[in-house]
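In case you want the letters, here they are:
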Amino acid sequence: MRVLVSCANGSGTSLMMKKSVEKALKELGFNITNIHHCAISEGKSTAGQYDVVFCPMNFLNMFEDAKKKGIIVIGVKNVMSAKEISERVQAIDLGEKFN
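No experiment lies behind these values; they were computed from the predicted model shown.

A.B. asks: Give a detailed account of the overall build of the protein chain, specifying residues and quantitative values.
C.D. replies: Within the protein chain one finds 5 helices and 4 strands. Sequence-ordered secondary structure for the protein chain, helices as α and strands as β, is β-α-β-α-β-α-β-α-α. A compact globule built from 99 residues should have a C-alpha radius of gyration of about 13 Å, and the protein chain, at 12 Å, falls within 12% of that. Counting all 99 residues of the protein chain, 47% fall into the buried class. For the protein chain, contacts bridging at least 24 residues in sequence account for 57% of all contacts bridging at least 6. In the structure as shown, the protein chain presents an accessible area of about 5300 Å², 47% of it carried by carbon and sulfur atoms. For the protein chain, the separation between the mean place of its 13 positive charges and that of its 10 negative charges on side chains is 4 Å.

A.B. asks: Could you give an account of helix H1 (residues 12-27), with specific residues and numbers?
C.D. replies: The terminal C-alpha atoms of H1, which comprises 16 residues, lie 23 Å apart, in line with the 22 Å expected from a rise of 1.5 Å per residue. Among the residues making up H1, those that are buried are Ser-14, Met-17, Lys-18, Ser-20, Val-21, Ala-24 and Leu-25. Those residues of H1 that are buried are in contact with strand E1 (2-7), strand E2 (34-39), strand E3 (52-56), strand E4 (72-76) and helix H4 (82-91). Looking at the residues trailing H1, positive phi occurs at Gly-29, about 90°.

A.B. asks: Residue-level account of the side chain of Lys-18, with values.
C.D. replies: Considering the arrangement of structural elements, one finds Lys-18 in helix H1. Although Lys-18 is buried, it makes no salt bridge; Glu-22 carries the closest opposite charge, 5.0 Å away. Beyond its immediate stretch of four places on either side in the chain, Lys-18 contacts Val-5, Ile-35 and His-37.

A.B. asks: Can you lay out the environment of Cys-7 for me, pointing to particular residues and giving the numbers?
C.D. replies: Tracing the backbone through its elements, the reader meets Cys-7 in strand E1. Considered as a pair, Cys-7 and Cys-55 are 48 residues apart in the sequence and their alpha carbons are 5.8 Å apart.

Cut-offs and rules
Residues numbered from 1 in each chain as written. Predicted model: local features only at pLDDT ≥ 70, side-chain atom pairs only at ≥ 80, totals over all residues. Heavy atoms only, no water. Helix = DSSP H or I, 4+ residues; strand = E, 2+ residues; numbered from the N terminus. Rg over C-alpha atoms; globule rule 2.2 N^0.38 Å. Buried < 20%, exposed > 50% of the residue type's maximum accessible area, 1.4 Å probe, protein only. Contact = heavy atoms within 4.5 Å. Areas by Shrake-Rupley, 256 points an atom, 1.4 Å probe, with all protein chains shown as cover. Lys, Arg positive; Asp, Glu negative; His and termini not counted. Charge placed at Lys NZ, Arg CZ, Asp CG, Glu CD. Expected span 1.5 Å × (residues − 1). Salt bridge = Lys/Arg side-chain N within 4 Å of Asp/Glu carboxyl O.

As structure tokens, this is what we get:
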């Protein structure tokens, strides 16, 4: 699974969220082949190269084009919570597509 983690500036918050996403996905048994964190500006233009995009809830609308192309976009309230990320992944049954 190719994963993109994107936030406003692509530095601190996205790096913390990347670690939370990695932890949650590994605990759920997903095979991550590539994970990248970046700013929203880069994320919007590169989202099509990934299977799943994670971003803070307030940036979900920035990835409407990616959603139209079939990319799964998951919004997160607490970017440091692997538990929340795990719950959101399970709620959309991501395992059905990637496990």
